[in-house]
Amino acid sequence: MNCAPVPAELIEYIKKGSCFIIAGHKEPDGDCIGSQLALRSALLRLGKKAIVCAEGPYKRTELRDFIGQLVSNPFDSGHNYSDARVIIADCSGRERTGELYDFLDKFPCAIIDHHAAVTHPPSTLQAPVYVDANSPSCTLLVYKIIKALGLELTKDEATLLLFGLCTDTGFFRHMTEKNAGAFEAAADMIRSGASPKEIFNIINGGKSLSSRILTGNILSRTESYFDGRLLISWETLDEYNTFGLESRDSDILNQLLLSVKGVEATVIIRQECADNCTVSLRSIDKIDVSQIASSFDGGGHKNASGLTMKGTISFVKQNMLNSFSAFFTR
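Residues numbered from 1 in each chain as written. Predicted model: local features only at pLDDT ≥ 70, side-chain atom pairs only at ≥ 80, totals over all residues. Heavy atoms only, no water.

> I'd love a proper account of the overall build of the chain, names of residues and values included.
Secondary structure assignment for the chain yields twelve helices and eleven strands. Against the globule reference of 20 Å for 330 residues, the chain gives a C-alpha radius of gyration of 20 Å, in line with a compact fold. If one aligns the C-alpha atoms of the chain with their principal axes, the spans along those axes are about 55 × 40 × 40 Å. Classification of the 330 residues of the chain by burial places 50% in the buried group. Put simply, 65% of the contacts in the chain that link residues at least 6 apart link residues at least 24 apart. Accessible area of the chain: about 14,700 Å², with a carbon and sulfur share of 51%. Separation between the mean location of the 34 positive side-chain charges and that of the 39 negative ones in the chain comes to 3 Å. (Helix = DSSP H or I, 4+ residues; strand = E, 2+ residues; numbered from the N terminus. Rg over C-alpha atoms; globule rule 2.2 N^0.38 Å. Buried < 20%, exposed > 50% of the residue type's maximum accessible area, 1.4 Å probe, protein only. Contact = heavy atoms within 4.5 Å. Areas by Shrake-Rupley, 256 points an atom, 1.4 Å probe, with all protein chains shown as cover. Lys, Arg positive; Asp, Glu negative; His and termini not counted. Charge placed at Lys NZ, Arg CZ, Asp CG, Glu CD.)

So, in structure tokens, the structure goes:
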């Protein structure tokens, strides 16, 4: 399954612009940050002015070396961006950029996304849309854009692109026989200087001992539902206050839970304050957790999605059980 070609409108949008604000979604991941920074590098090589913006918070330890390259408000940078064009990466619209929304709403806006959102704005020269839900990562779309602009990858760009691709594919473990094109692009990134070994260490290394203790706590309270097909666990508010954001490691948690025989989906609930939780949803194959996430104004992919919900852990857990029952009681 190959990615859709880059729209001519998007290439024209980039070529005619001289100044760009490259925005990402709240709580960015490696695919979002990798897409933004690689695209900025390419635009700078074309002689454009470009700045990368994201709201945060930056919960993932693998992002710590990139945070210094992002700003929360482009107009605090000392540069004049009054004539800027916006490119939003890894989400389908301004609304997911958080507090950036009020700034970005004043500018023409292009979208680069690989999520299967229900609707997207119409593609025009002033607002070109490059959306392909068949792409395993947004960085793969940015890779195609850089090539369509007539550029060869630098080592830094290749590293950023492979970092994002590895993030969203679970270091290729979510790839299928339909993703040959992604492997071909990955090979080009490696030929351009990206090191899979270094990227694996960025994503999986540098964890704290407290992150492993917290993982053990969450694993120890895991509950099984629907004859073992669904596993649910949670992080308490006390744990959140004790261990903090940097001790979170959803990827290893979900890997461990999804490896249990008979499991088809997992839910990790995190109580972040007295009346609000974040929820991580994962599935192996058949269950489309993005449908559940979108029903609560969240989003993501068929096998990996997330959402935020008002309420306590017990309230959120019951909502998740009610939602998954539609899949498990058919």
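There is more to say, and it comes next.
> With reference to specific residues and values, describe unusual backbone geometry.
Non-glycine residue Asp90 carries a positive phi angle of around 70°. Here Asp90 lies in the loop between strand 3 (85-89) and helix 3 (101-104). Notably, Asp297 is not glycine yet its phi reads approximately 65°, a positive angle. Relative to the helices and strands, Asp297 resides in the loop between helix 11 (289-295) and strand 10 (299-300).

> Could you give me a rundown of the environment of Ile287, with the residues and numbers involved?
Tracing the sequence through the fold places Ile287 in the loop between strand 9 (276-283) and helix 11. Note on Ile287: relative accessible area 4%, which makes it buried. On a C-alpha basis, the gap between Ile287 and Ser41 in space is 38 Å, while along the polypeptide they are 246 residues apart.

> Quick rundown of the sheet that holds strand 3? Include the residues and the values.
Read from one edge of the open sheet, five strands run 2-1-3-4-5, paired in parallel fashion. Because the sheet does not close on itself, it has two edges, and the strands there are strand 2 (49-53) and strand 5 (129-131). Ignoring strand direction, the axes of neighbouring strands in this sheet form an average angle of 15°. Bridge analysis of strand 1 (residues 19-23) against strand 2 gives five bridges, and the strand direction is parallel. (Pairing = 2+ DSSP bridges. Axes fitted to C-alpha atoms, helices over the stretch in contact; angles between N-to-C directions.)

> Pulling in residues and values, what's your account of the pairing of strand 1?
Extensive coverage of strand 1 is indicated by the burial of five of its five residues. The side-chain alternation of strand 1 yields two buried faces, one formed by Cys19, Ile21 and Ala23 and the other by Phe20 and Ile22. Following the chain from strand 1 across helix 2 (residues 30-45) to the adjacent parallel strand 2, one finds a crossover that is right-handed. Pairing geometry for strand 1 and strand 3, over four bridges, is parallel. The residue bridging Ala23 from the neighbouring strand is Ile88, located in strand 3. (Right-handed = clockwise from strand over helix to strand, strands pointing away.)

> So what's going on with the sheet that holds strand 6 (residues 223-225)? Residues and values would help.
On the basis of which strands lie adjacent, the open sheet formed by six strands has the order 6-7-8-9-11-10 and mixed pairing. Each edge of the sheet is formed by a strand with only one pairing partner; in this case those strands are strand 6 and strand 10. Across the sheet, helix 8 (residues 209-220) is in contact with strand 7 (230-235) and strand 8 (265-273); its angle to strand 7 comes to roughly 130°.

> How would you explain the side chain of Thr139 if you had to name every residue and give the values?
Relative to the elements of secondary structure, Thr139 occurs in helix 4 (residues 138-148). The residues touching Thr139, leaving out its near neighbours within four places in the chain, are Asp31, Gly34, Ser35, Leu160, Leu161, Gly164 and Leu165.

> With reference to specific residues and values, describe the pattern of salt bridges.
Taken as a whole, this structure holds ten salt bridges when the rule is applied. Here Lys317 ties to Glu223 by a salt bridge, and the two come within 3.0 Å at their closest N and O atoms. With Lys317 in helix 12 (residues 313-328) and Glu223 in strand 6, this residue pair connects regions lying 94 residues apart in the sequence. Judged by relative accessible area, Glu223 falls into the partly exposed class, the value being 25%. A salt bridge links Glu264 to Arg229, with the nearest nitrogen and oxygen atoms 3.0 Å apart. Here Arg229 lies in the loop between strand 6 and strand 7 and Glu264 lies in the loop between helix 10 (250-258) and strand 8, a separation of 35 residues in the sequence. (Salt bridge = Lys/Arg side-chain N within 4 Å of Asp/Glu carboxyl O.)

> If you had to explain the packing of helix 5 (residues 155-168) against helix 6 (residues 180-191) to someone new, which residues and values would you point to?
Where helix 5 meets helix 6, the axes come as close as 9 Å, and the angle between the chain directions of the two elements is 145°. Considering the relative orientation of helix 5 and helix 6, their crossing is left-handed. Here helix 5 contributes Ala158, Leu161, Leu162 and Leu165 to the contact with helix 6, which in turn contributes Ala182, Ala186, Met189 and Ile190. (Left-handed = near helix turned anticlockwise from the far one by under 90°.)

> For helix 4, give the residues involved together with the corresponding values.
With eight of eleven residues buried, helix 4 is to be regarded as a mostly interior element. Among all positions in helix 4, only Cys138, Thr139, Leu140, Leu141, Val142, Tyr143, Ile145 and Ile146 are buried. Positive phi appears at Gly150, one or two residues downstream of helix 4, with a value of about 85°.

> Pulling in residues and values, what's your account of the side chain of Ser137?
Tracing the backbone shows Ser137 in the loop between strand 5 and helix 4. Look at Ser137 and you get buried, because its relative accessible area is 0%. At a separation of 3.1 Å, a polar atom in the side chain of Ser137 contacts the main-chain amide nitrogen of Leu140. Filtering out sequence-adjacent residues up to four positions away, Ser137 remains in contact with Asp31, His114, Gly164, Leu165 and Asp168. (Polar contact = N/O pair within 3.5 Å; in protein donor to acceptor, adjacent residues only side chain to side chain.)

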